[in-house]
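A structural walkthrough
Here is what each chain is made of, one letter per residue.
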Amino acid sequence: ATIYTQQGNISKAREYYARSLKIQQEIGYKTGVGNTLNGIAVLYGNQGNMAKALEYFSKSLQVKEEVGNKSELTFAYVNFGQLNLRKRNYPQALECGLASMKLARESNFPANIRNSAELLSKIYKATNNYQKALQNYELFIMMRDSLNNVDTRKASVKSQFKYEYEKKAATDS
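The structure displayed is predicted, hence computed values, not measured ones. Residue indices begin from 1 for each chain and proceed along its sequence in written order. Where totals are concerned, whole chains, interfaces and linings use all residues; where local detail is concerned, this predicted model gives features only for residues with pLDDT of at least 70, and gives and counts side-chain atom pairs only at 80 or more. Side-chain figures throughout are based on the complete set of non-hydrogen atoms in the structure, without hydrogens or water.

Notes on helix 5 (residues 70–86)
Stated formally: Counting from the N terminus, the helices are the DSSP runs of H or I reaching at least four residues and the strands are the DSSP runs of E reaching at least two. Multiplying 1.5 Å by the residue count of a helix minus one yields the expected span of that helix. When accessible area is computed with a 1.4 Å probe and restricted to protein chains, residues below 20% of their type maximum are described as buried, those above 50% as exposed, and intermediate ones as partly exposed. Any two residues having at least one pair of non-hydrogen atoms within 4.5 Å are treated as being in contact. Two N or O atoms count as a polar contact when they lie within 3.5 Å, although within protein this holds only if one can serve as hydrogen donor and the other as acceptor, and sequence-adjacent residues are included solely when both atoms are side-chain atoms.
The terminal C-alpha atoms of helix 5 lie 24 Å apart, and with 17 residues this matches the ideal 24 Å at 1.5 Å per residue to within 8%. Taken residue by residue, helix 5 has Leu73, Thr74, Ala76, Tyr77, Val78, Asn79, Phe80, Gly81, Leu83, Asn84 and Leu85 as its buried positions. Elements that come into contact with the buried residues of helix 5 comprise helix 3 (30–47), helix 4 (50–67), helix 6 (90–107) and helix 7 (110–126). A side-chain oxygen of the first residue of helix 5 lies 3.0 Å from the backbone nitrogen of Ser71; this N-cap is Asn69. Of the residues one or two after helix 5, Arg88 is the one with positive phi, at around 65 degrees.

Shown next as structure tokens:
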């Protein structure tokens, strides 16, 4: 469904989201239900149907709150906040942004902090609170760079192991 959404094949995306939602509900997998509802919300948001998008984001948020997974909940708040920002509902967007940041900091997960900081930066900029916009933008950049450095280090270690393996294999043969 996500791929069909990205390709712009809305009818196929809806079909697969409906299938997914049915399966997730039948097996009682609430995390999957929350994620599928979130996907449906994104689909409606991309189509400009903000009322339906808000409806599905609200449902997704409710399910994710029941599950209690902080990372998933942070993601839901960021998405809900972005939609409210697009609608220029700044108080609701800010409430979502602050909730996502609180959860992101509690879980200490850099990607969630990055996403929450980016959302808050945009909200504060839109509401002319440039000092807080800058603070959150700087936090966004710091987390983004931190994540990029981790990825770079992982790639470097992987490359080093590959080189050592190939060197050993060449020596052995």
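There is more to say, and it comes next.
Considering the pattern of salt bridges
Rules: The rule for a salt bridge is simple: a side-chain nitrogen of Lys or Arg has to be within 4 Å of a carboxyl oxygen of Asp or Glu.
In the structure shown here, the tally under the stated rule is 11 salt bridges. Residue Glu15 is joined to Lys12 by a salt bridge in which the shortest nitrogen-to-oxygen separation is 3.8 Å. On the criterion of helical spacing, the pair formed by Glu15 and Lys12 is a turn pair, its members being three residues apart in helix 2 (residues 10–27). We classify Glu15 as partly exposed; its relative accessible area is 33%. Look at Lys12 and you get partly exposed, because its relative accessible area is 30%. Between Glu106 and Lys102 there is a salt bridge, and its shortest N-O distance comes to 2.7 Å. Of this pair, Glu106 and Lys102 both sit in helix 6, four residues apart, roughly one helical turn. Relative accessible area serves as the criterion here: at 39%, Glu106 is assigned to the partly exposed category. The network of salt bridges with shared partners includes Lys12, Glu15 and Arg19.

That's the geometry; what it means functionally is another story.
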